[in-house]
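# Coordinate inspection notes
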Amino acid sequence: MSRFGKYLGYMSIEIDGDLFEIKPTLRQKQQLMAIQQKAGKAGISESQWIEMHKIFKDVLRTCDPEATDEELEAFLLKYDTEFMMKLYVAFGWAKESDLNALKDKLTEKALSDS
């Protein structure tokens with residue numbers, strides 16, 4: 001990888017002890033950015049979330065091309081939000097510390113709602 005690879009989001013991310021060498025394409029990055037911009041302050045709709053999942057699966061395939069749709073769906077069912085946050089850090093759209101604070105806030109809200 002060249003020194004410019006980091007601007008595409010090429011990086012190693014660790015989730016639940018597994019290391020993923022992701023290599024998203026510029027198009028995938030642009031697609032995710034477009035979805036985020038459309039969502040705005042209203043938040044991401046269900047159809048947008050489904051669209052994002054398709055992109056997440058494609059990004060995950062860059063580190064394991066043999067993974068099946070079923071395996072990727074199972075992974076995303078458990079780690080979709082964490083994967084999204086790590087991807088945003090990789091793209092330079094957010095800082096890890098900001099996302100950790102957001103994750104804590106969302107966890108706290110989910111616990112209080114249940």
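Above this note sits the structure.
The rules behind each value
Residues numbered from 1 in each chain as written. Predicted model: local features only at pLDDT ≥ 70, side-chain atom pairs only at ≥ 80, totals over all residues. Heavy atoms only, no water. Helix = DSSP H or I, 4+ residues; strand = E, 2+ residues; numbered from the N terminus. Buried < 20%, exposed > 50% of the residue type's maximum accessible area, 1.4 Å probe, protein only. Contact = heavy atoms within 4.5 Å. Areas by Shrake-Rupley, 256 points an atom, 1.4 Å probe, with all protein chains shown as cover. Lys, Arg positive; Asp, Glu negative; His and termini not counted. Charge placed at Lys NZ, Arg CZ, Asp CG, Glu CD. Salt bridge = Lys/Arg side-chain N within 4 Å of Asp/Glu carboxyl O. Axes fitted to C-alpha atoms, helices over the stretch in contact; angles between N-to-C directions. Parallel < 35°, antiparallel > 145°, perpendicular 65-115°, else oblique. Left-handed = near helix turned anticlockwise from the far one by under 90°. Core = buried A, V, L, I, M, F, W, Y, C linked by side-chain atoms within 4.5 Å. Patch = residues over 30% accessible without salt bridge, like charges linked within 9 Å, V, L, I, M, F, W, Y side chains within 5 Å.

## Side note on the overall build of the chain
- Broken down by element type, the chain carries 4 helices and 2 strands.
- What you see in the chain, going N to C, is helices and strands ordered as β-β-α-α-α-α.
- Referenced to the eigenvectors of the C-alpha coordinate spread, the extents of the chain come out at roughly 45 × 30 × 30 Å.
- Here the chain holds 114 residues, and 31% of them are scored as buried.
- Restricting the contact set of the chain to residue pairs at least 6 apart, pairs at least 24 apart contribute 48%.
- For the chain, the exposed surface amounts to about 7800 Å²; the carbon and sulfur share of it is 53%.
- Within the chain, one finds 16 positive and 20 negative side-chain charges whose respective centroids are separated by 10 Å.

## Focus on the side chain of Lys86
- Inspection of the secondary structure assignment puts Lys86 in helix α3 (residues 69-91).
- Glu96 is the oppositely charged side chain nearest to the buried, salt-bridge-free Lys86, at an N-O distance of 4.2 Å.
- Ignoring sequence-local partners within four residues, the contact set of Lys86 consists of Met11, Ile13, Glu14, Ile15 and Glu96.

## So, the packing of helix α1 (residues 26-39) against helix α2 (residues 46-61)
- Between α1 and α2, the shortest axis-to-axis distance is 10 Å and the interhelical angle comes to 160°. When the interaxial angle is binned, α1 and α2 end up roughly antiparallel. In the packing of α1 onto α2, the handedness of the crossing is left-handed. Taken together, the residues of α2 that come into contact with α1 (itself represented by Gln28, Gln31, Leu32, Ile35, Gln36, Lys38 and Ala39) are Gln48, Glu51, Met52, Ile55, Phe56, Asp58 and Val59.

## Considering the nonpolar core
- Grouped together as the largest cluster of nonpolar side chains are 23 residues, with contacts concentrated most on Phe56, Phe75, Phe83 and Leu87.
- At the level of secondary structure, the elements contributing two or more residues to this core comprise β1 (11-15), β2 (18-22), α1, α2 and α3.
- Among the elements that make up this core, the one with the highest residue count is α3 (10 residues).
- Phe83 has contacts with Ile13, Ile15, Ile22, Phe56, Val59, Leu60, Phe75 and Leu76, leaving out every residue within four places of it along the chain.

## Some words on a negative patch on the surface
- A cluster of acidic side chains, namely Asp64, Glu66, Glu70 and Glu71, defines a negative patch on the protein surface.
- The class of Asp64 is partly exposed, set by a relative accessible area of 38%.

## A word on unusual backbone geometry
- The phi dihedral of Asp16 falls on the positive side, at around 50°, and the residue is not glycine.
- With respect to the helices, strands and loops of the structure, Asp16 is situated in the loop between β1 and β2.
- Residue classification places Asp16 among the exposed positions, given a relative accessible area of 55%.

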